[in-house]
Amino acid sequence: MYKARIVGTGSYLPERVLNNSDLEKMVDTNDEWIVSRTGIRERRIAADNQATSDLALEASKEALASAGIKPEEIELLVVATITPDMLFPSTACILQAKLGAKKAVCFDLNAACTGFIYALSCVKQYLEMGTYKTALVVAAETLSKVTDWQDRNTCVLFGDGAGAAVLRREQTERGVMGVYLNSNGNYAELLNMPAGGSKIPATENTVRERLHFLKMKGNEVFKIAVQSMVKSANEAVRVNNLTWDDVKFIIPHQANTRIINAVAKRVGVPIEKVFFNIHKYGNMSAATTAVGLDEVVKKKGVKKGDILELVAFGAGFTSGACIIRW
Ligand code: UT7
């Protein structure tokens, strides 16, 4: 049986750290509010000259080195992002050139915070079908570039980063197992970036009205986030004929510690199995689960055959979970 096995992971976080006391000087907020309402203590911010592809490049190099694979061997390169370098060409093509992945077929995938899981699910199909043998999946975001630094409702939440995984077609029982995905376009207005696309092209007015920044009705998103992540987390376990006892680590999207705790409680997973890095990085959208996977693999002593679950929720709305047999 052929599977898409993850043979290497990597991540990259920009050097600049923005902590809660820095934010206290920028907007009417305080460390106590941010920590108690979100769990975030600090986040990383890309340098002015760092685009999403630059973060993606560093994460990719690390993933390729850990897999022992050269860029020329990559046949498929997918970048999950909502903060592409530019609307076109795709960040995947830009990354291809920087990486020297000459042979790769490249495209971007936009599923917001669920992007890494959607991308794994997509690449899994190509590898299992035998269309390609080696793939690179990168989730990279520079959310700081679309954050309204005057809006305390959103600017405390987000950060920049990138995570990457190299996958290979192998005859094995290990790899990306059954995936559960879900989308609901009825809630697009609760979380979006209004201008800069074909609906509201950039004008002086759109800039003045701050429409090129991410907007979120956080409170309304919160409830649906919990429900959707619970459903996705449980469905992925069910479609793989597993129980929660089989799962060694759950790597959830990190939008809010209270969301993660509520999801863990509702699915009945002991909190020791749940991975957290929100205190260090905030919400990095698609990059969150990719960086989480790399950190769990490298720091938590994941062993051959261990079962991991990634679960996420984001703009769209999109939601999904995937089981990985390590
Ligand atoms: O990544 C994918 C999707 N994203 C999510 O899943 C995020 C989901 N939402 C959330 O995590 C939470 O809703 C937030 C963290 C965004 C907000 O927390 P909340 O407990 O839902 O707060 P709230 O929006 O209901 O606001 C409560 C109060 C308000 O003041 P009043 O109206 O009660 O006087 C806000 O103005 O907190 C105020 N507030 C702040 N105060 C200090 C909002 N932001 C801040 C802030 N500092 N940064």
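Residues numbered from 1 in each chain as written. Predicted model: local features only at pLDDT ≥ 70, side-chain atom pairs only at ≥ 80, totals over all residues. Heavy atoms only, no water.

Participant: Help me understand the environment of R169, please; the structure alone is not making it clear to me.
Facilitator: Tracing the chain through its elements places R169 in strand β7 (residues 160-171). Its relative accessible area of 24% is what places R169 among the partly exposed residues. For the pair R169 and K3, spaced 166 residues apart in sequence, the C-alpha to C-alpha distance is 5.7 Å. Residues in contact with R169, not counting those within four places in the same chain, are Y2, K3, L127, E128, M129, G130, Y132 and K133. Engagement of the side chain of R169 in a polar contact is seen with the backbone oxygen of E128, the distance being 2.9 Å. (Helix = DSSP H or I, 4+ residues; strand = E, 2+ residues; numbered from the N terminus. Buried < 20%, exposed > 50% of the residue type's maximum accessible area, 1.4 Å probe, protein only. Contact = heavy atoms within 4.5 Å. Polar contact = N/O pair within 3.5 Å; in protein donor to acceptor, adjacent residues only side chain to side chain.)

Participant: What's the story with the environment of E24 in this structure? I'm lost.
Facilitator: Note on placement: E24 falls in helix α1 (residues 20-24). Using a relative accessible area of 36% as the deciding quantity, one classes E24 as partly exposed. Separated by 177 residues in sequence, E24 and P201 place their C-alpha atoms 33 Å apart. In contact with E24, not counting residues within four places along its chain, are T29, N30 and D31.

Participant: What should I look at first to understand empty space enclosed by the protein in this one?
Facilitator: Any space left empty among the atoms is revealed by the rolling of a water-sized probe across them. Summed over all chains, the structure comprises two cavities of 30 Å³ or more. Lining the largest cavity we find I250, P252, I260, V263, A264, V267, V269 and V274. Breaking the lining of the largest cavity down by element, the ones donating at least two residues are β11 (247-252) and α9 (257-267). Per-element tally for the lining of the largest cavity: the top contributor is α9, with four residues. Class assignment of the residues belonging to the lining of the largest cavity gives a composition of eight nonpolar, no polar and no charged. Estimates place the volume of the second largest cavity at around 30 Å³. Lining the second largest cavity are R5, I6, R174, G175, I324, R325 and W326. Where the lining of the second largest cavity is concerned, the elements lending two or more residues are β1 (2-12) and β13 (318-325). (1 Å grid on protein atoms, 1.4 Å probe; cavity = no way out; pocket = protein on both sides within 12 Å on 5 of 7 lines; lining within 4 Å. Points joined across faces, edges and corners; volume = space filled by probe spheres on them. Nonpolar A, V, L, I, M, F, W, Y, C, P; charged D, E, K, R; others polar.)

Participant: What should I look at first to understand the site of the ligand in this one?
Facilitator: Around the ligand sit 24 residues in total, of which T29, R37, N219, N256 and N283 are the nearest. At a separation of 2.7 Å, an oxygen atom of the ligand approaches a polar side-chain atom of N256. In the environment of the ligand, an oxygen atom lies 3.0 Å from a nitrogen or oxygen atom belonging to the side chain of R258. When the free accessible area of the ligand is taken as 960 Å², the share hidden by the protein chains comes to 75%. Elements represented by at least two residues in the shell around the ligand include exactly α2 (31-38), α6 (152-155), α8 (218-239) and α9. For the shell around the ligand, the element with the most residues is α8, which contributes five residues. Residue composition of the shell around the ligand, by class: 12 nonpolar, eight polar and four charged. No fewer than three residues from each of domain 1 (2-172) and domain 2 (177-325) sit in the shell around the ligand. (Near = heavy atom within 4 Å. Areas by Shrake-Rupley, 256 points an atom, 1.4 Å probe, with all protein chains shown as cover. Domains from an automatic or database assignment.)

Participant: Would you explain the domain arrangement of the protein in this entry?
Facilitator: When the parts of a complex come together, some accessible area is lost, and that lost area is often taken as the interface size. If you check the domain split of the protein, you get domain 1 (2-172) and domain 2 (177-325). A separation of 14 Å is found between the C-alpha centroids of domain 1 and domain 2. If you look at the interface, domain 1 gives 47 residues, while domain 2 gives 47 residues. Summed over both sides, the interface of domain 1 with domain 2 buries roughly 3700 Å², with 64% coming from carbon and sulfur. Looking only at domain 1, the three residues that lose the most surface to domain 2 are C113, I117 and Y118, adding up to 18% of its buried area. Here domain 1 is connected to domain 2 by two salt bridges. Scanning the region where domain 1 abuts domain 2 turns up 23 residue pairs in polar contact (both at pLDDT 80 or more). Looking at the side of domain 1 that touches domain 2, the elements that each hand over two or more residues are β1, α2, β3 (42-45), α5 (115-129), β6 (134-142) and β7. (Buried area = accessible area lost by both parts, 1.4 Å probe. Salt bridge = Lys/Arg side-chain N within 4 Å of Asp/Glu carboxyl O.)

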